[in-house]
Amino acid sequence: MSAVQARRPASPPALKITLPVDGMTCAACQATVQRALTRAPGVTNAAVNLMTNEATVHYDPASTDPARLVSAINDTGYVSRLPAADSPGAADDEAREQAQARDYAVLLTKSVVSVVLGALAMIASMPLMSGGHPSTSLGAGAAHTGDPFIAWAMRVLDPPIRRMLPWLYAIDPGILLFALLASTTFVMAWAGRHFYVGAWKSLRHGSANMNTLIAIGTGAAFAYSVAATVAPELFATSGARSDVYYEAVIIIIALVLLGNAMEARAKRNTTRALRQLARLQPSTARVRRDDQDIDIPIAHVRSGDLVIVRPGERIPVDGVIMAGGGAVDESMLTGESIPVEKTAGDRVIGATINTAGSLEIEATGLGASSMLARIVTLMKEAQGSQAPIQRLADRISAIFVPAVVTIAVATFALWMLVPAEPAVTSALTAAVAVLIIACPCAMGLAVPTAVMVASGRGASAGVLIKGGEPLERLADVDTVVFDKTGTLTEGRPIVVDTLFAGDRETILRLVATAERLSEHPLAKAIAAHAPAETGRYAIDNFRALAGRGVLATIDGHHVIVGTQTLVRESGIDTSALDATAATWTSQARTVVFAAIDGKAAAAFAIADTLRANSATVVQSLKRRGLRVVMLSGDRQATANVIARQAGVDEVIAEVLPDGKVEAIKSLQQGGHRVAMVGDGLNDAPALAQADIGIAMASGTDIAAEAASVTLMRSDLAGVEHAIVLAQKTMRTMQQNLFWALVYNVVGIPIAAGALYPAFGILLSPILASAAMAFSSVSVVSNSLRLRGASLS
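A quick note: this is a predicted structure, and the numbers were derived from the prediction, not measured.

Asks: So what's going on with the overall build of the chain? Residues and values would help.
Replies: Looking only at helices and strands, one finds 31 helices and 26 strands in the chain. The buried share of the chain, taken over its 792 residues, is 52%. In the form shown here, the chain has an accessible surface area of approximately 33,800 Å², with 58% of it arising from carbon and sulfur atoms.

Quick look at the structure:
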């Protein structure tokens, strides 16, 4: 290899970009864009989300760039653009929400106007349906074939309209026909224009989507009607009825638009949790500069600034309390309604509420690095990701529209062979109904709606799930492995028992004074156990012995605190404490001895205690049929004690990080689907190896990065909540896909006329369009039920 080759830089790592995609209306649209991106050079992975109208693309920057990715999308007939480089995320979200609101308002306006015009067209068509003119509407032809909607209209609506509007039946039918032609043309050109534009774009790029089906169906009905209006004699010479379909075209467009408007409104509801989170960030902060407190925009706050937060105000940035104290409401982050007491040295999270006391906070987390921004980003990524079950819908959607067009053509041809009168009318009715009823909107919304609502529901419960794939894997878990320290336990040692051989208060003050000078975790536990005012004693000298204890002279007293060996080596008899100490040791507690002025003074039992509800959560998981295992690097005896307290039957102890990975692999090789719950740096490899990693937010950033689920509150109940939410979400996805598929499997044959031979029923395009709209709305509504799902 040459020197030049040796110095050749390695290929840059894959990058990720999220691009907006306008114009997508159904699963076929989504599949078209995703197929184009996946085939583009340099793209390693692409996920297109119909709910958010975005495409998340992972690409090799050496082979392509964002501009080429935008071109790949635009070449499909849909519209994309590069995101603004200087636009903050919150502004993007606000602009997107405003755009969604405008789209919903436009769709609603168009649908309402179209519904009104459709109703008027139906009334104006009644004289034509009654057969008073050689040209009759769709209703007359359909009535001959047993269309239930037209039969109902003629039976129920025609008599009262005839009595209330007798003048309508006296109008020349030709005038009515041209009035219907004019109103239909207006609706198609104004309200339904995007259907035809979208269909033309798709046709130019060799693809098909929902717009294609609507455009072909309504276009065929309109063209047939125009021919029957301007040249009815052509039909008479061929023996066919010159029926018109104007009111059907208007009502079809109206119902599709109404369904789209309801979908748009439902989509906005699914992202409500994300929007609410993004709005929690205050727009200004009170900062102390040059000994003055000034209010500045949040974007101007710098790391290290001293931020002043008064009682009742929302904390604007992540930081550390430098002075003051109070109770902070962290419910937006953890879901816990009880405020948390905070004092100097404690960390606080931006967007939480200072309910009591004034705080002076040193800013540490700003902008994209803040906890709130990371949560919002995580939720966006989760909602933009795909669950594996989505691939089934994508494969079906890719071939669905061409298959439907083929079925519609076959339906028309078969009806032309049926000895029905009139054959052309029946054939056109059936073909248009097939095209309209088969729009695959419901299939495209089935999975992403469930993922979006579930991610919002999880966030409100303090559980962040990184997308659709983790949701699906979490739902299949049958084994939950808990780390011990910091997960099942609090992760910090505390004094759980004491024994004093003298005046308790005096001994505790002297011992705590010595321990306050040590950095050892056991020393901190003893210091925290003592009254706060121990600092009044004078310390003449202090010496720390690594791993053994401390020696100090305090207020004239010689104090030794440490291991039993250290105390005995000083010639001090500990027999008065030994029996109790032995009992504590058998309970896997760490014992610290103390001696004062050459005499044994006290013994302290220190242990890492269980979290408040660890045992309850373990029992609840076991009742759900899950296998529960504890994995720890601690001594076997200590691990066994904690396991008994928590109710865990299986314990794997004394393992290093690589041993934890091997333990997870062993369970997986046994056919188990494993969730690993941990919090520390040493847990990260096992979290990554497990089928699903669940990290405690109180743990390390590396553990959170390795995990697919993060519990934002220090409460193991979140593990059960995450699993229950995943299982309910999977059921919702399956229900959505089942009904979307069954709807088409049943609806298409009925629209084609499967019930006609036995029952004389032929479905009208009007009923088909209503059924199509209802199917999409029902899928979204079913997903929205997850917002109120119980997670316990």
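Asks: Account for the sheet that holds strand β1 (residues 15–22), with residues named and values stated.
Replies: Taking strand neighbours across the sheet as the criterion, the four strands line up as β2-β3-β1-β4 in an open arrangement whose pairing is antiparallel. This sheet does not close on itself; its edge strands, each paired only once, are β2 (43–49) and β4 (79–80). In terms of strand pairing, β1 meets strand β3 (residues 54–59) through six bridges, oriented antiparallel. The residue bridging leucine 19 from the neighbouring strand is alanine 55, located in β3.

Asks: If you had to explain the packing of aromatic side chains to someone new, which residues and values would you point to?
Replies: Here the distance between the centres and the angle between the planes together describe a pair of aromatic rings. In the structure shown here, the tally under the stated rule is five aromatic pairs. Plain terms: the ring middles of phenylalanine 222 and tyrosine 246 are 6.3 Å apart, the flat faces sit at 70° to each other, and that makes the pair edge-to-face. In this pair, phenylalanine 222 is assigned in helix α9 (residues 210–230) and tyrosine 246 in helix α11 (residues 246–270), connecting sequence segments 24 residues apart. In terms of burial, phenylalanine 222 and tyrosine 246 fall into one category: buried. When the ring of phenylalanine 738 is compared with that of tryptophan 739, the centres are 5.1 Å apart and the planes differ by 75°; the resulting orientation is edge-to-face.

Asks: Account for the side chain of threonine 489, with residues named and values stated.
Replies: Checked against the element boundaries, threonine 489 lands in strand β16 (residues 489–500). Of note is the side chain of threonine 489, whose polar atom sits 2.4 Å from the side chain of aspartate 608. In contact with threonine 489, not counting residues within four places along its chain, are Lys484, Asp608, Thr609, Leu610, Arg611 and Ile642.

Asks: How would you summarise the packing of helix α20 (residues 504–515) against helix α21 (residues 521–529) if you had to cite specific residues and measurements?
Replies: Following both chains from N to C, one finds α20 and α21 inclined at 140°, their axes separated by 8 Å at the closest point. Judged on the interaxial angle alone, α21 and α20 are oblique. Viewed along their axes, α20 and α21 form a crossing whose handedness is left-handed. In this structure, α20 uses Arg504, Leu508, Val511, Ala512 and Glu515 to contact α21, whose residues at the interface are Leu522, Ala523, Ile526, Ala527 and His529. The residue makeup of the contact of α20 with α21, split by class, is seven nonpolar, one polar and two charged.

Asks: Summarise the pattern of salt bridges; cite the residues concerned and give the values.
Replies: Going through the model one piece at a time under the given rule, you end up with 20 salt bridges. Note that glutamate 313 is salt-bridged to arginine 286, the shortest N-O span being 3.1 Å. With glutamate 313 in the loop between β7 (306–309) and β8 (318–324) and arginine 286 in strand β5 (residues 284–289), the pair connects residues that are 27 residues apart, well separated along the chain. With its nearest N and O atoms 3.9 Å apart, the salt bridge here joins arginine 473 to glutamate 469. Here arginine 473 pairs with glutamate 469, and both are found in helix α18 (residues 468–475), just four residues apart, close to one helical turn.

Asks: An account of the pairing of β7 is requested, with residue identities and associated values reported.
Replies: Here β5 pairs with β7 via two bridges, running antiparallel. Looking at β7, one finds that arginine 288 is bridged to leucine 306.

Asks: I'd love a proper account of the environment of alanine 427, names of residues and values included.
Replies: Residue position: alanine 427 is located in helix α16 (residues 423–437). Taking the relative accessible area as the measure of exposure, alanine 427 reaches 0% and is therefore buried. Taking the C-alpha atoms as reference points, alanine 427 and alanine 410, separated by 17 residues in sequence, lie 9.8 Å from one another.

Rules of the game
- One numbering rule holds for all chains: residues counted from 1, following each sequence as written.
- Owing to the predicted nature of the model, reporting of local features is limited to residues with pLDDT of at least 70; listing and counting of side-chain atom pairs is limited to 80 or more, with chain, interface and lining totals taken over all residues.
- Only hydrogens and water are removed before side-chain values are computed, so all heavy atoms of the structure are retained for them.
- Numbering of helices and strands starts at the N terminus; helices are DSSP runs of H or I of at least 4 residues and strands are runs of E of at least 2.
- Between buried and exposed lies partly exposed: a residue is buried under 20% and exposed over 50% of the maximum accessible area for its type, with that area taken using a 1.4 Å probe on protein chains only.
- To be clear on the numbers: accessible area is Shrake-Rupley with a 1.4 Å probe, and residue cover counts the displayed protein chains and nothing else.
- If DSSP finds at least two bridges between two strands, the strands pair.
- For Phe, Tyr and Trp, where Trp contributes only its six-membered ring, two rings pair if their centres lie within 6.5 Å, and the inter-plane angle classes them as stacked under 30 degrees, edge-to-face over 60, or tilted in between.
- Under this definition, polar contacts are N or O atom pairs within 3.5 Å; protein pairs additionally need one hydrogen-donor-capable and one acceptor-capable atom, and for neighbouring residues in sequence, both atoms have to be side-chain atoms.
- When checking whether two residues touch, look at their non-hydrogen atoms; a contact exists if any pair is within 4.5 Å.
- A fitted line through C-alpha atoms serves as each axis, taken over the contacting stretch for helices, and the angle formed by two N-to-C directions is quoted from 0 to 180°.
- Just so you know how the angles are binned, under 35 degrees is roughly parallel, over 145 roughly antiparallel, 65 to 115 roughly perpendicular, and the rest oblique.
- Crossing handedness follows the turn of the near helix against the far one: under a right angle anticlockwise gives a left-handed crossing, and clockwise gives a right-handed one.
- When residues are sorted by character, Ala, Val, Leu, Ile, Met, Phe, Trp, Tyr, Cys and Pro go into the nonpolar class, Asp, Glu, Lys and Arg into the charged class, and all the rest, Gly among them, into the polar class.
- Note on definitions: salt bridges are taken to be side-chain nitrogens of Lys or Arg within 4 Å of carboxyl oxygens of Asp or Glu.

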